[in-house]
Each structure stands twice: as C-alpha cells, then as structure tokens.
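Structural overview for review
The chain contents come next:
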Amino acid sequence: ESNQLQLTHEFLSTMLAVRRASVTDALHVLESLGFIRSERGRITIKNREMLETYAGDLYGVPEEENNRMLARFMRKYSSDSALEDLTAVASEGVR
C-alpha cells in the first residue's frame, strides 16, 4: 500500500471536469492543512486518517456508487475474468 499517487493536476482536472487551476487551489488547501504533499506529477498522502476525517461523509461515496452502477453489468458478464479483476481493483478504492 503506497501513499504516493502519480497524478498531474491536468489529469485530475480532466477526470473531475474542472479547471486545472481549481485542482491546484484544492491541493494547496489540503497541503496547507498537512494532509498531503503535492509535487510535480505526484501527490503524497501524509496523514490519511485526518484526510478521511476532513472528507467526512464524502469519503467512500464514489466507490459505493461505482459498485452500485456496475452490479447489474457484473451479473450479466460474471464469467469474464478480466472484468472481475477490473471491478476488484475499483472496489478497493484509493486506500
């Protein structure tokens, strides 16, 4: 389990459909609170417990929604082992 994520601000902004500057601002807030360290192309989680507390009820919601949305698809194609591997990775979340 690694605390480092190889992600650029540009990639995050694309995935979240927001401006890159908004990602940078949010990362600066998290960094100023001591939860993460943001460097070029890499985000290091320094205090996971406090980061989860700060996220509150939002932590884990995307993973739950992903599992809910994939459930019907998974039942239909449950014999496809590559798909099962992908779902297993997705259900583990960011931990």
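Here, every reference points to the structure presented above.
An account of the accompanying structure is given in this report. Counting from 1, residues in each chain are numbered in the order their sequence is written. The predicted nature of this model means local features are confined to residues of pLDDT at least 70 and side-chain atom pairs, given and counted, to a pLDDT of 80 or more, with totals for whole chains, interfaces and linings taken over all residues. To get the side-chain values, all heavy atoms of the structure are used, and hydrogens and water are removed first.

Some thoughts on the packing of aromatic side chains
The relation between two aromatic rings is expressed through the spacing of the ring centres and the mutual angle of the planes. Quick reminder of the rule: Each pair of aromatic rings taken from Phe, Tyr and Trp, with Trp reduced to its six-membered ring, is defined by centres within 6.5 Å and is described as stacked if the planes are under 30 degrees apart, edge-to-face if over 60, and tilted in the remaining cases. In this text, helices come from DSSP runs of H or I with a minimum length of four residues, and strands from runs of E with a minimum of two, each type numbered from the N-terminal end. Exposure classes here rest on a 1.4 Å probe applied to the protein chains alone. A residue is buried below 20% of its type maximum, exposed above 50%, and partly exposed in between.
Enumeration according to the criterion identifies 1 aromatic pair in this entry. Seen in terms of ring centroids, F35 and Y54 are 5.3 Å apart; in terms of plane orientation they differ by 55 degrees. Their pairing is tilted. Taken together, the positions of F35 in the loop between α2 (20–32) and β2 (36–39) and Y54 in helix α3 (residues 48–55) put the pair 19 residues apart, joining distant regions of the chain. On the accessibility criterion, F35 (8% relative accessible area) is buried.

Some details on the sheet that holds β2
For clarity, the cut-off: Two strands are said to pair when DSSP picks up at least two bridges between them.
With antiparallel pairing, the 3 strands of this open sheet are ordered in space as β1-β3-β2. Of all strands in the sheet, those with a lone pairing partner are β1 (4–5) and β2, marking the two edges.

Some details on the packing of helix α1 (residues 9–16) against α2
Packed helices, taken two at a time, are described by the angle their axes make and the gap between the axes. Defined as follows: Orientation is described by lines fitted to C-alpha atoms, with helices fitted over the stretch in contact, and by angles between N-to-C directions that extend from 0 to 180 degrees. Each angle is binned into one of four classes, with values under 35 degrees roughly parallel, values over 145 roughly antiparallel, values of 65 to 115 roughly perpendicular, and all other values oblique. Left-handed describes a crossing whose near helix is turned anticlockwise from the far helix through less than a right angle; right-handed describes the clockwise counterpart. The contact rule is simple, with two residues in contact once any of their heavy atoms fall within 4.5 Å. Amino acids outside the nonpolar list (Ala, Val, Leu, Ile, Met, Phe, Trp, Tyr, Cys, Pro) and the charged list (Asp, Glu, Lys, Arg) are all regarded as polar, and Gly is one of them.
For the pair α1 and α2, the least separation of the axes is 8 Å and the interaxial angle reads 110 degrees. Taken together, the axes of α1 and α2 are roughly perpendicular relative to one another. Judged by the sense of rotation from one axis to the other, the crossing of α1 with α2 is right-handed. For the pair α1 and α2, contact is made by H9, E10, L12 and S13 and by R20, V23, T24 and L27, respectively. Residues that form the contact of α1 with α2 fall into these classes: 3 nonpolar, 3 polar and 2 charged.

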